[in-house]
Amino acid sequence: MSTPDVSVIVAVYNTMPYLSACLDSLVGQTIGRDRLEVVAVDDGSTDGSGAELDRYAERYPGTVRVLHQANSGGPAAPSNLALDHARGRYVFFVGSDDHLGPEALERLVDAADRWDSDVVLGRMVGTNKRYVHQAVYATTQERLDLFDSALPWSLSNTKLFRRDLVERHGLRFRTDMPMGSDQPFTLAACFRAKKVSVLGDYDYYYAVKRDNAQNITYASRFEERLRCAEELVGYVAGLIGPGPRRDAVLVRHFSWEVAKLLRTEFLALSPDVQEHVHDRVRKLAEAYLTEGVLSRMAPEERLRLAVARDGGLDALRELIGQQADKTLPEVTIADGRWYAHHVGFRDPAFGYPDDWYDVTDRAATLLAKLTATGLAWGRDDAGARALVITAQSRRAELAELSAEALRVSVGDLTGVTSATPGGPGTVVRTDFAVDRLLAVVAAKGERRTVRAEVSTLGGVGSAPLRTDRPVAAPRRLARRGVRLHLVTPTTNHKGQVIVAITPVTAGRFLARLRRIWPSGGK
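A brief look at the structure comes next. (Residues numbered from 1 in each chain as written. Predicted model: local features only at pLDDT ≥ 70, side-chain atom pairs only at ≥ 80, totals over all residues. Heavy atoms only, no water.)

Turning our attention to the overall build of the protein. When helices and strands are tallied, the protein shows 16 helices and 23 strands. In terms of overall dimensions, the protein is more spread out than a globule: its C-alpha atoms have a radius of gyration of 30 Å, far above the 24 Å expected for 522 residues. Judged by the C-alpha coordinates and their principal axes, the protein covers about 90 × 70 × 45 Å. Split into buried and exposed, the 522 residues of the protein put 49% on the buried side. The long-range fraction of contacts in the protein, counting pairs at least 24 apart against all pairs at least 6 apart in sequence, stands at 71%. In the protein, the 69 positive side-chain charges and the 65 negative ones have mean positions that sit 9 Å from each other. (Helix = DSSP H or I, 4+ residues; strand = E, 2+ residues; numbered from the N terminus. Rg over C-alpha atoms; globule rule 2.2 N^0.38 Å. Buried < 20%, exposed > 50% of the residue type's maximum accessible area, 1.4 Å probe, protein only. Contact = heavy atoms within 4.5 Å. Lys, Arg positive; Asp, Glu negative; His and termini not counted. Charge placed at Lys NZ, Arg CZ, Asp CG, Glu CD.)

Laid out in C-alpha cells, this is it:
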C-alpha cells in the first residue's frame, strides 16, 4: 500500500450536521483521494456522528478510516489515537465542525515539499462570527520566526505538520487538559521545526462557530480556563529558557488566557472564588510576568495583570470596574496628553509610569459621548422654527474646544452647536432648523440617529447621543413645498436619540382617519 502524502486527523464528538460538511470538504480535495487518507476517531458520540463516519468509510474505503472509542472527555485522546494510526508524510488536523477550502491540502503539501518546511500554516477564517486572529496570515512567508512574528497568537493545531517531526520528538496532545490541549503540541512542533511557513494567499481553513455555541472553547467553565492558563504558562516556561524568546511567547498567554480571567465576569464571582482566582493569577504573574512581557502587552491588559500581581483584591476589583466603565474616571491633562486616574496612577505604592495610563488616543471619542437631557421645539438664532437638542458632558474640557471641533448631526445635516460650562461639566445645545431637516431627508422618509463628533489632539471621535432616561418632543407637522411631513424626535430601544421624518401621503392620512373614526363608529 502506497504512503499517502497527508493524513487528515479528525477527532469527533457530537458534531452533526457539521461533520458531514467537514467530511465532504476532505474527500473532495483537489489533491486527490489517492494522495490522502482521513483518520477519524469517534469519541463516543451519541448524536449519530459515529454512524455518519461509518457511512463515509464504506463509501470511500481507500480514503476514510474510522476508529471508535468510549468518550474521553476531550479532543486530546482521540487525536493521539489517530496519530498512532496515521501513515502520511504529513498530518493535518481539522475540527469535525470545521471544513477546508477545496485546494487547501494540495497547496499546503506543495509548499511544504517546495520549501522543505516542517510546519505550514494556511490562512484560517472564521464563520458564523467565530473569531480567528488574522495577523499571522497577512502575507505568505517561506520562513516564519516563532519569536518575531504573530505565530504565538495562532497556536491551534489546524496546520500541516511533517509526521517525521511529530514522531521523532514524540509529540502528542495533553490528555490532562480538557481545553487548550493542542497548544503545547503546536508550540513544541514550531519550536523544534527547522522551518515554519505560512500561506496567506487562499482561504484554507473555515473555523465554524456552531449555532448552539457548543464548541469547547465557548462552553468551557471558569475553573477549566484558569487551569488551562496555568498549564500553558508552565509549559512555555519548561520549554523555553528565560529571556526575550520566552517573553515573546508568554505575552500571548498572559494577554489572552490569563487576562481574560480578570474581565468584568470576574466581578460576578463569589468573594471566595475571586480570592482564589486572584491568588493563582498573582502567583503566575510573580513567576513569569517579566518587564519584557509587560512591555509587549496592550495597555489595558498590562495594567490589569500588573495590579493583580502587585495589589490586593480590592484594588483589582476596582480596576476591573474602572476598565468596564468606558466613560473613564477623572483624568489629568499634562503637556497635551490625557492620563486616566485608574488604580495605581501616580501611586508610589505601585510606581507605574504615567504612560501606562495614557488615553490621549481615546480623548476625542470620550469627549463625543454626550448624554441627551432634552428635546424641544424652539427658534434658532435666525428666528426659524427648530428642533433644539440639549446634552450634558461631565467633561469641562469640551467647553474649551473651538466651535469647529464639536459637531452634532442628524444624518448629513450638521446643526448649530454651542458648548458652555455648566452641569458640572459642559452643556451642549444644538439647533436644527426644520426646513433644513426636511431638505436632506429622502422622499420616503427616514429615521436618523443623532451623533456627536469631536476633533481634538490629532484624533476624531464620534458617538451617538444617548439618554439615561426617556426624552422626547411632541410630534410636529412640517411643510416643505407642497409636501407635509411628521417630525418625531424621540429615543430608540438602545437609548439613542433619533429623529424620525415621515411624509404624510393621502393613503397614510386616510388610514389614520380610519383608526380615529372606525367604520360604523359615532
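After that view of the structure, there is still more to cover.
Here valine 504 shows up in the loop between β23 (497–503) and α16 (506–516). In the structure, valine 504 is positioned 472 residues away from glycine 32 in sequence and 64 Å away in space, judged by C-alpha atoms.

The next point concerns the sheet that holds strand β5 (residues 99–100). Paired through backbone hydrogen bonds, the strands of a sheet run either parallel or antiparallel to each other. Taken together, the three strands give an open sheet; going across it, the order is β5-β10-β7, and neighbouring strands pair in mixed fashion. The open sheet has two edge strands with one neighbour each: β5 and β7 (124–127). (Pairing = 2+ DSSP bridges.)

In this chain, methionine 16 is followed by proline 17 through a cis amide linkage whose omega measures 0°. Looking at where proline 17 falls in the secondary structure, it is placed in the loop between β1 (6–12) and α1 (18–27). With a phi close to 50°, arginine 346 is a non-glycine residue in the positive phi region. Following the sequence through the fold, arginine 346 ends up in the loop between β12 (337–340) and α14 (363–367). For arginine 346, a relative accessible area of 49% translates into the label partly exposed.

On to the packing of aromatic side chains. In the structure shown here, the tally under the stated rule is 14 aromatic pairs. Between the aromatic rings of phenylalanine 93 and phenylalanine 173, the centroid separation amounts to 5.2 Å while the plane-to-plane angle is 80°, which identifies the pairing as edge-to-face. Taken as a pair, phenylalanine 93 in strand β4 (residues 90–93) and phenylalanine 173 in the loop between α5 (163–168) and α6 (182–192) lie far apart in primary sequence, 80 residues in all. In this structure phenylalanine 93 comes out as buried when scored by relative accessible area, which is 1%. (Phe/Tyr/Trp six-rings, centres within 6.5 Å; stacked < 30°, edge-to-face > 60°.)

On to the side chain of histidine 278, then. Inspection of the secondary structure puts histidine 278 in helix α10 (residues 271–288). The residues touching histidine 278, leaving out its near neighbours within four places in the chain, are Ala308, Gly311, Gly312, Leu313 and Leu316.

Now for the pattern of salt bridges. In the structure shown here, the tally under the stated rule is 37 salt bridges. As a salt-bridge pair, aspartate 116 and lysine 194 come within 3.9 Å of each other at their nearest N and O atoms. Taken together, the positions of aspartate 116 in the loop between α4 (104–115) and β6 (119–122) and lysine 194 in the loop between α6 and β9 (196–199) put the pair 78 residues apart, joining distant regions of the chain. Between aspartate 310 and arginine 309 there is a salt bridge, with its nearest N and O atoms 2.8 Å apart. Salt bridges sharing common partners tie together Asp5, Arg35, Arg89 and Asp113. (Salt bridge = Lys/Arg side-chain N within 4 Å of Asp/Glu carboxyl O.)

So, about the environment of leucine 23. Structurally, the position occupied by leucine 23 is in helix α1. As a C-alpha pair, leucine 23 and histidine 493 span 470 residues in sequence and 44 Å in three-dimensional space. Leucine 23 has contacts with Glu52, Leu53 and Tyr56, leaving out every residue within four places of it along the chain.

Another point: α6. Taking burial as the measure, the eleven residues of α6 include nine buried ones, the bulk of the element. Those residues of α6 lying buried are Asp182, Gln183, Pro184, Phe185, Thr186, Leu187, Ala188, Ala189 and Cys190.

On to the state of the cysteines. Within this structure, the stated rule accounts for zero disulfides. Lacking any disulfide linkage, cysteine 190 is separated from the closest cysteine sulfur, that of cysteine 228, by 17 Å. (Disulfide = S-S within 2.5 Å.)

Turning our eyes to something else, we now look at a positive patch on the surface. Taken together, the side chains of Lys326, Lys369, Arg451, Arg466 and Lys494 present a region of like positive charge at the surface. Residue placement: lysine 326 occurs in the loop between α13 (313–324) and β11 (331–334). Residue class for lysine 326 comes out partly exposed when judged on its relative accessible area of 44%. (Patch = residues over 30% accessible without salt bridge, like charges linked within 9 Å, V, L, I, M, F, W, Y side chains within 5 Å. Areas by Shrake-Rupley, 256 points an atom, 1.4 Å probe, with all protein chains shown as cover.)

Attention now moves to the packing of α6 against helix α9 (residues 244–258). Contact pair α6 / α9: the axes reach a minimum separation of 13 Å and the direction vectors enclose 160°. Here α6 lies roughly antiparallel to α9, going by the angle between them. Handedness of the crossing formed by α6 with α9: right-handed. Two secondary-structure elements touch here, α6 through Gln183, Leu187 and Phe191 and α9 through Arg245, Val249, Arg252, His253 and Glu257. (Axes fitted to C-alpha atoms, helices over the stretch in contact; angles between N-to-C directions. Parallel < 35°, antiparallel > 145°, perpendicular 65-115°, else oblique. Left-handed = near helix turned anticlockwise from the far one by under 90°.)

So, about the pairing of strand β19 (residues 446–456). Here strand β15 (residues 406–410) runs beside β19; their pairing, made up of five bridges, is antiparallel. The partner of leucine 406 across the bridge, within β19, is valine 454. With six bridges connecting them, β19 and strand β20 (residues 459–464) associate as antiparallel partners. Within β20, the position partnered with arginine 451 by the bridge is proline 464. Here β19 folds back onto β20, and the loop between the two strands holds two residues, one of which, leucine 457, carries a positive phi near 55°.

Mapped onto the elements of the fold, leucine 294 is located in helix α11 (residues 291–296). Residues leucine 294 and leucine 250 lie 44 residues apart in sequence; the distance between their C-alpha atoms is 9.9 Å.

Our focus in this paragraph is the packing of helix α8 (residues 222–239) against α9. Two elements in contact, α8 and α9, have axes whose closest approach is 10 Å; the angle formed by their N-to-C orientations is 180°. Taken as axis vectors, α8 and α9 run roughly antiparallel relative to one another. Contacts from Ala229, Leu232, Val233, Val236 and Ala237 of α8 reach α9 at Arg246, Val249, Leu250, His253, Phe254, Glu257 and Val258. In terms of residue class, the contact of α8 with α9 is made up of nine nonpolar, one polar and two charged. (Nonpolar A, V, L, I, M, F, W, Y, C, P; charged D, E, K, R; others polar.)

With that out of the way, let us pick up the sheet that holds strand β3 (residues 64–69). With respect to topology, seven strands assemble into an open sheet ordered β3-β2-β1-β4-β8-β6-β9, the strand pairing being mixed. Across the chains shown, the open sheet's two edge strands, defined by having one partner strand only, are β3 and β9. Averaged over all adjacent pairs, the angle separating strand axes in this sheet is 20°, with direction ignored. Bridge analysis of strand β2 (residues 36–43) against β3 gives six bridges, and the strand direction is parallel. Of the residues in β3, the one forming a bridge with valine 38 is valine 64. The sheet contacts of α6 involve β4, β6, β8 (160–162) and β9, and relative to β8 the element is tilted by about 55°.

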